[in-house]
Amino acid sequence: KQGHGTDMKPHKRAADSLEVLLESVPGHHLKALAAEIIGAGGITFASVSGCPDISAATLDRDFLGRLDACPSAMILRVDRVVLGSTTIDSPLIQALRHGDGLDVIVSWTEGALRGATGANPMPALHIAVLSLQRRFEIGGVMCGYEPASDPETRYFTNEARGPMA
């Protein structure tokens, strides 16, 4: 657990990673959501399970068209993700299927998130993630230091700002 005083924000760990967690993404939105998140970024690594026609050897820009019935799990590394006016350099994107939905996690090392104006990019990222939530009927969204499921180290959960904001 993170230590904190009565009037201080929680302390983060050294060399931390941050993540955005998109919970309960409807399966029929995976292809469009993945295309939105990946955008113009180049895919530099992929591992896909539960979908035999997708492998590192067959990975190309139109692999998204083959994601309808799978995967059970997918891990991608892209050179960048642009969400709203923010850019995340070299993030890892994970999708884990459960039942009719899936969870998508975008994680990055501290310092890899940049805003267009050089100001704190977290408020702009929050707005962009809320837009994804509405457009893709995502059950819940949160962002914080890994694991984002820890409420003490969150920047936001859905519409609410967290203790790190």
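Structural notes, computed from the coordinates. Note that the structure is a prediction, hence the values are computed from the model and not measured. Every residue gets a number counted from 1 within its own chain, in the order that chain's sequence is written. Where totals are concerned, whole chains, interfaces and linings use all residues; where local detail is concerned, this predicted model gives features only for residues with pLDDT of at least 70, and gives and counts side-chain atom pairs only at 80 or more. Water and hydrogen atoms were dropped before computing side-chain values, which therefore reflect all heavy atoms in the structure.

### A word on the sheet that holds strand β8 (residues 113-115)
By this definition, two strands are paired if DSSP reports at least two bridges between them. Per the convention used, a helix needs a DSSP run of H or I reaching at least four residues, while a strand needs a run of E reaching at least two, with both numbered from the N terminus. Overall, antiparallel pairing links the 3 strands, which are arranged β4-β5-β8 in an open sheet. Looking at the sheet topology across the chains shown, the edges are occupied by β4 (80-83) and β8. The average angle at which neighbouring strand axes cross in this sheet is 20°, direction not considered. Bridge analysis of strand β5 (residues 86-89) against β8 gives 3 bridges, and the strand direction is antiparallel. Paired with I88 across the bridge in β8 is L113. Lines fitted to the C-alpha atoms define the axes, with helices restricted to the stretch that makes contact. Angles between their N-to-C directions range from 0 to 180 degrees.

### Digging into the pattern of salt bridges
Here a salt bridge means any side-chain nitrogen of Lys or Arg lying within 4 Å of a carboxyl oxygen belonging to Asp or Glu. Enumeration over the complete set of coordinates arrives at 3 salt bridges. In this structure, the salt-bridge partner of R114 is D89, at a minimum N-O distance of 2.8 Å. Of this pair, R114 sits in strand β8 while D89 sits in strand β5, and the two are 25 residues apart along the sequence. Throughout this description, buried means an accessible area under 20% of the type-specific maximum (1.4 Å probe, protein chains only), exposed means over 50%, and partly exposed covers the range between. For R114, a relative accessible area of 41% corresponds to the partly exposed category. The partly exposed category is assigned to D89, whose relative accessible area is 29%.

### With respect to the side chain of H29
Its location among the elements puts H29 in the loop between β1 (17-26) and α1 (30-38). Each polar contact in these results corresponds to two N or O atoms within 3.5 Å; when the atoms are within protein, one needs to be able to donate a hydrogen and the other to accept it, and residues that are neighboring in sequence are counted only if both atoms are side-chain atoms. In this structure the side chain of H29 is engaged in a polar contact, spanning 2.7 Å, whose partner is the side chain of E137. For this analysis, residues touch if any pair of their heavy atoms sits within 4.5 Å. Ignoring any residue separated from it by four or fewer positions in sequence, one finds H29 in contact with R135, F136 and E137.

### Overview of the sheet that holds strand β9 (residues 140-145)
Strand order across the open sheet formed by 8 strands is β2-β3-β6-β7-β1-β9-β10-β11, with antiparallel pairing between neighbours. Since the sheet does not close on itself, it has two edges, and those belong to β2 (43-49) and β11 (160-161), each with one partner. Bridge analysis of β9 against strand β10 (residues 154-157) gives 3 bridges, and the strand direction is antiparallel. Opposite G144, over in β10, you have R154 as the bridge partner. Packing against the sheet, helix α2 (residues 122-135) makes contact with β1, β7 (101-109), β9, β10 and β11, and its axis sits at approximately 155° to β9.

### Considerations on α2
Between its terminal C-alpha atoms α2 stretches 20 Å, which fits the 20 Å expected from 14 residues at 1.5 Å a residue. Regarding α2, the residues found buried are M122, L125, H126, A128, V129, L130, L132 and Q133. Of the residues one or two after α2, E137 is the one with positive phi, at around 55°. The span you would expect from a helix comes to 1.5 Å times its residue count less one.

### Focus on the side chain of H126
Looking at where H126 falls in the secondary structure, it is placed in helix α2. Beyond its immediate sequence surroundings of up to four residues, H126 is in contact with F156, N158, E159 and A160.

### Focus on α1
Buried within α1 are the following residues: L30, L33, A34, I37 and I38. Seen along its axis, α1 keeps its buried residues to an arc of 125°; they face one direction. Backbone geometry just after α1 places G39 at a positive phi near 50°. Directions from the helix axis toward the C-beta atoms define the arc.

### A word on the nonpolar core
L22, L33, I93, V104, W108 and L125 are the most contacted members of the largest nonpolar core, which has 39 residues in total. With 6 residues, the single largest contributor to this core is α2. Excluding anything up to four places from it in sequence, L22 contacts L33, I37, L102, D103, V104, V129, I138, G140 and V141. Within this scheme, the nonpolar core is defined by two criteria: the residues are buried Ala, Val, Leu, Ile, Met, Phe, Trp, Tyr or Cys, and they are joined through side-chain atoms within 4.5 Å.

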